[in-house]
Amino acid sequence: MDAATHAFNELRLNEANQLLAEFSEQQAATARSLYLTARIAVLQGQLEAASSAASACQEKFPREALCYEARGETELVKLLLQGGILRKIGAARSARKALERAVEYDALNMRARILLVRFYTLAPWLLGGSKSKARAQIEICRGYDPAFGHEAQALYDLGVGDTAAAVQGFAKAQALSPGERDPALFLAKAYLADKQLEAAITTLEKLVERYPRFQEAWLELGRIAADNQLESERGKAALEYYLTDVEGESDARRAQAYTTLARLYLNEDQMLRAISLLRRAQTEQPDNKTINHFLADLCRNNPGNCRA
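Attention in this report is confined to the structure presented alongside it. Keep in mind that what you see is a predicted model, and the values were worked out from it rather than measured.

Conventions and cut-offs
- Residues numbered from 1 in each chain as written.
- Predicted model: local features only at pLDDT ≥ 70, side-chain atom pairs only at ≥ 80, totals over all residues.
- Heavy atoms only, no water.
- Disulfide = S-S within 2.5 Å.
- Helix = DSSP H or I, 4+ residues; strand = E, 2+ residues; numbered from the N terminus.
- Axes fitted to C-alpha atoms, helices over the stretch in contact; angles between N-to-C directions.
- Parallel < 35°, antiparallel > 145°, perpendicular 65-115°, else oblique.
- Left-handed = near helix turned anticlockwise from the far one by under 90°.
- Contact = heavy atoms within 4.5 Å.
- Nonpolar A, V, L, I, M, F, W, Y, C, P; charged D, E, K, R; others polar.
- Core = buried A, V, L, I, M, F, W, Y, C linked by side-chain atoms within 4.5 Å.
- Buried < 20%, exposed > 50% of the residue type's maximum accessible area, 1.4 Å probe, protein only.
- Phe/Tyr/Trp six-rings, centres within 6.5 Å; stacked < 30°, edge-to-face > 60°.
- Lys NZ or Arg CZ within 6 Å of the ring centre and 35° of its normal.
- Expected span 1.5 Å × (residues − 1).
- Arc of directions from axis to C-beta.
- Polar contact = N/O pair within 3.5 Å; in protein donor to acceptor, adjacent residues only side chain to side chain.

Formally, a disulfide is one covalent bond, and it connects the sulfur atom of one cysteine to the sulfur atom of another. Using the criterion set out here, one finds 2 disulfides in the structure. The disulfide partner of Cys57 is Cys67, and the gap between their sulfur atoms is 2.0 Å. The S-S bond linking Cys57 to Cys67 shows a torsion near -60°; that makes this disulfide left-handed. Here Cys57, found in helix H4 (residues 47–60), pairs with Cys67, found in helix H5 (residues 65–81); they are 10 residues apart in sequence, far enough to count as distant. Residue Cys299 pairs covalently with Cys306 via a disulfide, S to S 2.0 Å. Between Cys299 and Cys306, the S-S dihedral sits near -85°, and the bridge is therefore left-handed.

Before going further, it helps to examine the packing of helix H8 (residues 131–144) against helix H9 (residues 146–160). For any two helices packed against each other, the geometry comes down to the angle between their axes and how far apart the axes lie. Their axes nearest at 6 Å, the elements H8 and H9 cross at an angle of 160°. On the basis of the axis angle, H8 is roughly antiparallel to H9. Relative to H9, the crossing made by H8 is left-handed. Along its contact with H8, which presents Lys131, Ala134, Arg135, Ile138, Cys141, Arg142 and Tyr144, the element H9 presents Pro146, Phe148, Gly149, Ala152, Gln153, Tyr156 and Val160. Of the residues belonging to the contact of H8 with H9, the class tally is 9 nonpolar, 2 polar and 3 charged.

A few words on the nonpolar core. Phe119 and Phe170 are the most contacted members of the largest nonpolar core, which totals 94 residues. For Phe170, the residues in contact, after removing those within four places along its chain, are Glu151, Ala154, Leu155, Leu158, Pro183, Phe186, Leu187 and Ala190. Counting 5 residues, the second largest nonpolar core, distinct from the first, contains Ala41, Val42, Leu47 and Val77.

It is worth spelling out the packing of aromatic side chains at this point. Scanning the entire structure with this criterion turns up 5 aromatic pairs. Look at Phe170 and Phe186: their rings are 5.7 Å apart centre to centre, the planes differ by 20°, and that puts the pair in the stacked class. With Phe170 in helix H10 (residues 163–176) and Phe186 in helix H11 (residues 181–193), this residue pair connects regions lying 16 residues apart in the sequence. When the ring centre of Tyr211 is taken as reference, the NZ or CZ atom of Arg181 above it lies at 5.3 Å. A cation over a ring is seen here: Arg181 above Phe214, with NZ or CZ 5.9 Å from the ring centre.

The next thing to look at is helix H14 (residues 233–245). For H14, which comprises 13 residues, the first-to-last C-alpha distance of 18 Å matches the rise-based estimate of 18 Å (1.5 Å per residue) to within 8%. Those residues of H14 lying buried are Gly235, Lys236, Ala238, Leu239, Tyr242 and Leu243. Buried residues along H14 cover an arc of 160° about the axis, so they all sit on one side. Turned more than 90 degrees from where H14 packs its buried face, Glu233 and Thr244 sit exposed. In the core, the buried residues of H14 are packed alongside helix H13 (215–227) and helix H15 (251–267). Measuring from the side-chain oxygen of the N-cap residue of H14 to the backbone nitrogen of Arg234 gives 3.4 Å; that N-cap residue is Ser232.

Glancing now at the side chain of Asn109. Relative to the assigned elements, Asn109 resides in the loop between helix H6 (85–105) and helix H7 (110–122). What makes Asn109 buried here is its relative accessible area of 7%. Discounting residues that sit within four places of it in the chain, Asn109 has contacts with Ala65, Leu66, Glu69 and Val103.

Everything listed here is a matter of coordinates, which is why it stays silent on function.
Right under this line is the structure:
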């Protein structure tokens, strides 16, 4: 289990999964093993697998805070990524209840409190959001450790649109905890929101240099370049590395990467390459309407480039 935890901390996710599988063959699952399984699945975009592991953790260990933290994080990611109001209501209810239960069972679980800050700040009142509850969690984090306090406050500031304060807060959190990934990732997001594009890219490049298998950071580098219509060799290299060397990712995440890479090639008027990449995206996720419409529009306007 120690080896699996170390591999997870270094983002060697396939190795961590293999070690967890070997552990489960030798003895019964523990709260820690199921927790790590859920968190790895979240990082790989495998949200159904994450839900399954977190639910199993709750069922086997109904008073273990880690199980509720894992469930809360999974539902929070669903809330942020998936559309449909009815689905969001279910995800919001599950996220809030699980994270509140996590800190009830372990008051020192600061990661669950950080997730609660994010939930309370971003969720609308109808879905359980509450700025006052977010601020209360921030005070608890601040009292426990200044780094957690800065990170929690910065998440709140970013959520309410105070991007300059968010940049300062995440930078302070990163300085106090240079080995933590999340403050650095959110620092890049805050720079981007504050329209400091080059600072965002530089922050992410330093992050992937330290953690070469940080999937989300590689994807973010490419997305920033595509969203800002850059002719970016750095952005293309980031996505090509992700698609070549990162394993275990969900079909949806790989489809997203192919689509973003196609957009970068379109920025350089390389139509044939873009169409080829969109077809790869279609292969990964055939029912994705956004990708299908994107490709259909390109082919409608450039029929000669779409001949098989």
